[in-house]
Amino acid sequence: MNYRFGILSIVTALAGCGAMNWWSGPQEQSRIPRDATLYQCEGGKQLGLRFDEGGKSIMVIFPEREFRLNQVEGPTGSRYSNGRTTLSLSGDEAALSGGDVAGYASCKKT
């Protein structure tokens, strides 16, 4: 009977080790890459923009997802669209409209 108690003790001790947090590094990191231009928007929202080398398209990068927009003709400033979502750039300000991007109307480059 003593060997059963010994095995049970070992199994219980090992199970407790799995609950310990051995990693003491950062628990969460932003998905916005360092080479993206960061914009701060109303309500504490952030978005990153990364231009391709020729400026014909741009990646819109949110902390949880990203998508590409292609350059389109616009009256002033630069405009990029994918048919559902449109990004307007003017100086250090950006605005997204359409699609499911509510709340990204007044974004300023940081």
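Our structure's up above, just so we're on the same page.
What you see is a predicted model, and the numbers here were worked out from it, not measured in a lab. (Residues numbered from 1 in each chain as written. Predicted model: local features only at pLDDT ≥ 70, side-chain atom pairs only at ≥ 80, totals over all residues. Heavy atoms only, no water.)

Draft legend 1. View of the side chain of Ser57. On the secondary structure map, Ser57 appears in strand β3 (residues 57-61). With relative accessibility at 7%, the residue Ser57 sits in the buried group. Looking at Ser57, its side chain comes within polar contact range of the side chain of Asp52, at 3.1 Å. For Ser57, the side chain forms a polar contact with the side chain of Arg68, separated by 3.1 Å. Residue contacts for Ser57: discarding those within four places in its chain leaves Phe51, Asp52, Arg68, Leu69, Asn70, Gln71 and Tyr80. (Helix = DSSP H or I, 4+ residues; strand = E, 2+ residues; numbered from the N terminus. Buried < 20%, exposed > 50% of the residue type's maximum accessible area, 1.4 Å probe, protein only. Polar contact = N/O pair within 3.5 Å; in protein donor to acceptor, adjacent residues only side chain to side chain. Contact = heavy atoms within 4.5 Å.)

Draft legend 2. Representation of the nonpolar core. Grouped together as the largest cluster of nonpolar side chains are 17 residues, with contacts concentrated most on Leu47, Leu49, Leu87 and Leu96. At the level of elements, β1 (37-41), β2 (46-51), β3, β4 (66-72), β6 (85-90) and β7 (93-98) are the ones that each hand at least two residues to this core. With near-sequence residues (within four places) excluded, Leu49 lies in contact with Ala36, Thr37, Tyr39, Ile58, Met59, Val60, Leu87, Leu89 and Ala94. (Core = buried A, V, L, I, M, F, W, Y, C linked by side-chain atoms within 4.5 Å.)

Draft legend 3. Region of interest: the sheet that holds β7. Read once around its circumference, the closed barrel built from 8 strands follows the order β1-β2-β3-β4-β5-β6-β7-β8, with strand pairing classed as antiparallel. Averaged over all pairs of adjacent strands, the angle between strand axes in this sheet comes to 30°, irrespective of strand direction. (Pairing = 2+ DSSP bridges. Axes fitted to C-alpha atoms, helices over the stretch in contact; angles between N-to-C directions.)

Draft legend 4. Geometry of the pattern of salt bridges. This model, assessed by the stated rule, comprises 4 salt bridges. Residue Asp92 pairs with Lys109 through a salt bridge whose shortest N-O separation is 3.6 Å. Residue Asp92 is located in the loop between β6 and β7, and its partner Lys109 is located in strand β8 (residues 107-109); the two are separated by 17 residues in the primary sequence. Here Lys109 falls in the partly exposed class, since its relative accessible area comes to 40%. With a closest N to O distance of 3.0 Å, Lys108 and Glu93 form a salt bridge. Of the two residues, Lys108 sits in strand β8 while Glu93 sits in strand β7, which places them 15 residues apart along the sequence. Residue classification places Lys108 among the partly exposed residues on the basis of a relative accessible area of 45%. By relative accessible area, Glu93 is classed as partly exposed at 44%. (Salt bridge = Lys/Arg side-chain N within 4 Å of Asp/Glu carboxyl O.)

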